Amino acid sequence: SYDIVIVGAGHAGAQAAIALRQRKFAGSIAILGEEPELPYERPPLSKDYLAGDKPFERLLIRPAAFWPERAIDMLLGHRVVAVEPAARTVTTADGAVVGYGELIWATGGHARRLSCAGHDLAGVHSVRSRTDVDRMVAELAGTTRIAVIGGGYIGLEAAAVLSKLGKQVTVFEAQDRVLARVAGVALSRFFEAEHRAHGVDIRLGVGVDCIVEEAGRAVGVRLTGGEVVPAEMVIVGVGIVPAVQPLLDAGAEGGNGVAVDAHCATSLSHVHAIGDCALHASVFADGLPIRLESVQNANDQATVVAKVLTGTPEPYAAVPWFWSNQHDLKLQTVGLSTGHDAEVLRGDPATRSFTIVYLKAGRVVALDCVNAVKDYVQGRALVLAGAAIPPDRLADASVPLKDMAP
Ligand code: FAD
């Protein structure tokens, strides 16, 4: 039994343990994780790690010696399958029962699979874990044509890396634009053009009927129209399913994630949830419940729970931010553009350095900055303030955003 048990040895779980020790929490801490690896950064999985530019050791969130030095017990290779809130225990798939004083649920999610025929064939990959990417890389040598299903950040990042490695990449997106869930139209169009200029075939508004099989392996993608596009590898980037079933089974409120309040508390006593799996009301989304899949959210919610458990609670109020690297473009996002009703362009996309400012009811809610670090840094204050700035002023790239702050 431990004073604090953290389930999930990913970004949020690791950061919660780190933050607890930083805040002088002296009780016992264990992290239970189903993956065999010590906590590592996932963003490079679709970027430098996939490209072979960064060895796995450099993805570790802390060096191996850190955890025993801080008296944090790492119990890896154990999947938690049940939570018993009354007894304050968790049970692992191998039957171990571990008691807790406080439980921090930080399980992220598992890659969503396609539901169509052929979704589990050899040659079909998701991009969520180190194991996923190692398997993919091991098959790359024999691969020329790659189908990427899903034009979100992860699919597009993988497409950029793989086309640079000389592969023939086609991205299939069901919506009529890439990044439809997370960005405005102008940004989608810019990235589509960039990918096409780099030789990536982007196919929009297409449905996948099934993955075509030959001798147990994927050999192509059949579209709903009947067309078959040959591919020796299929990469599926269609989002995650939050890993919350054991908590829901134990009676926690939620559905698409586990519901938490402003202090990351679930509806079960002594159980908090943080990171990708935590469904929280966000002031940056009109108070609606959302899940954020970002390093920022994982880290900042880890701090929220560490503060609660060390007796200095403060509600979660951090500004969301995110980044994505595709080809030689560095996209940085601050705020949430969901539900915006106007977009203002600052700068000229042809220069490959520009910003899109998103407004809702005349107020700045988010910025997408492409190779525009200054706007990203200075725009944060505008998002935080919900600044009301006339569009023609925002569009004037000769005036720094910091001079527009109210
Ligand atoms: P995770 O890091 O997923 O950790 C959860 C851990 O819990 C996993 O190891 C999981 O296996 C384990 N687990 C699940 N269920 C159980 C169970 N029942 N028992 C025990 N263990 C369990 N974010 C950005 O901000 N910028 C980026 O550029 C970016 N790029 C990304 C690229 C890729 C390819 C991926 C996959 C993600 C990327 N993200 C990025 C998102 C970011 O990595 C996640 O938001 C972050 O990892 C969330 O942390 P987490 O701890 O909530 O979940």
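Above: the structure in question.
Conventions and cut-offs
Throughout, residues of each chain are indexed from 1 in the direction in which the sequence is written. Only residues with pLDDT of 70 or above have their local features reported here, since the model is predicted, and side-chain atom pairs are shown and tallied only from 80 upward, although totals for entire chains, interfaces and linings are computed over all residues. By definition, any uninterrupted DSSP run of H or I lasting at least four residues is a helix, any uninterrupted run of E lasting at least two residues is a strand, and each is numbered from the N terminus. Only the C-alpha atoms count toward the radius of gyration. The rule for a globule is 2.2 Å times the residue count to the power 0.38. Note on burial: count the other C-beta atoms lying within 10 Å of the residue's C-beta; 20 or more is buried, 12 or fewer is exposed, in between is partly exposed, and C-beta positions come from the backbone. With C-beta atoms placed from the backbone, a contact is any residue pair whose C-beta atoms sit within 7 Å. Any two strands are treated as partners once DSSP identifies two or more bridges connecting them. For each residue, a C-beta atom is placed from the backbone, and the residue is labelled near a molecule or strand when this atom is within 6 Å of it. Throughout this entry, Asp, Glu, Lys and Arg are counted as charged residues, while Ala, Val, Leu, Ile, Met, Phe, Trp, Tyr, Cys and Pro are counted as nonpolar. The remaining residues, Gly among them, count as polar. A set of buried Ala, Val, Leu, Ile, Met, Phe, Trp, Tyr and Cys residues, joined through C-beta atoms within 7 Å, is what we mean by a nonpolar core. What a helix should span is 1.5 Å times the count of its residues minus one.

Caption draft 1: Quick peek at the overall build of the protein chain. Each helix and strand counted, the protein chain has 10 helices and 26 strands in total. Radius of gyration (C-alpha) of the protein chain: 22 Å, near the 22 Å computed for a compact globule of 406 residues. Reported as C-alpha extents along the three principal axes, the dimensions of the protein chain are approximately 65 × 55 × 35 Å. The proportion of buried residues among the 406 residues of the protein chain is 45%. Across the protein chain, contacts joining residues at least 24 apart in sequence account for 60% of those joining residues at least 6 apart.

Caption draft 2: Spotlight on the sheet that holds strand 17 (residues 254–255). Taken together, the 4 strands give an open sheet; going across it, the order is 17-18-20-21, and neighbouring strands pair in mixed fashion. Looking at strand neighbours, the two that pair on one side only are strand 17 and strand 21 (289–290), the edges of this open sheet. Bridge count between strand 18 (residues 257–260) and strand 20 (residues 278–281): 3 bridges; the pairing is parallel. Bridging from a neighbouring strand, Val260 pairs with His280 of strand 20.

Caption draft 3: Focus on the site of the ligand. The local shell around the ligand holds 35 residues, among which Gly8, Gly10, Arg42, Gly108 and Gly275 are the closest. If you list the elements that add at least two residues to the shell around the ligand, you get helix 1 (11–22), strand 2 (29–33), helix 8 (295–309) and strand 22 (321–326). Taken together, the residues of the shell around the ligand sort by class into 16 nonpolar, 12 polar and 7 charged.

Caption draft 4: Representation of the nonpolar core within the structure. Ranked by size, the top nonpolar core spans 65 residues in total, and within it Val148, Ala158, Ala159, Val234 and Ile235 carry the most contacts. A total of 8 residues in this core trace back to one element, the largest contributor, which is helix 5 (residues 153–164). When neighbours within four sequence positions are excluded, Val234 is seen to be in contact with Gly123, Val124, Ala147, Ile149, Ile211, Ala218 and Val221. Among the nonpolar cores identified, the runner-up in size contains 46 residues, and Ala14, Val80, Val98 and Leu309 belong to it.

Caption draft 5: View of the pairing of strand 22. Relative to strand 23 (residues 329–335), strand 22 runs antiparallel, the two sharing 6 bridges. The residue bridging Trp321 from the neighbouring strand is Val334, located in strand 23. Connecting strand 22 to the next strand, strand 23, in antiparallel fashion are 2 residues, including His327 with a positive phi near 55 degrees.

Caption draft 6: Spotlight on the environment of His110. Mapping His110 onto the fold places it in strand 7 (residues 109–111). On the basis of neighbour count, His110 is assigned to the partly exposed category, with 14 C-beta atoms found within 10 Å. Considering only alpha carbons, one finds His110 and Pro242, 132 residues apart in sequence, at a separation of 6.4 Å. Leaving out residues up to four positions away in the same chain, His110 has contacts with Arg128, Ile240, Val241 and Ala243.

Caption draft 7: Helix 8, seen in detail. The first and last C-alpha atoms of helix 8 sit 21 Å apart over 15 residues, in line with the 21 Å expected at 1.5 Å per residue. Among the 15 residues of helix 8, 11 are classified as buried, and the element is accordingly described as predominantly covered. Turning to helix 8, its buried residues are Asn297, Ala298, Asn299, Asp300, Gln301, Ala302, Thr303, Val304, Val305, Ala306 and Leu309. Those residues of helix 8 that are buried lie in contact with strand 1 (2–7), helix 1, strand 6 (97–105), strand 19 (271–273) and strand 20. Taken from the residues just after helix 8, Gly311 is the one with a positive phi, measuring 85 degrees.

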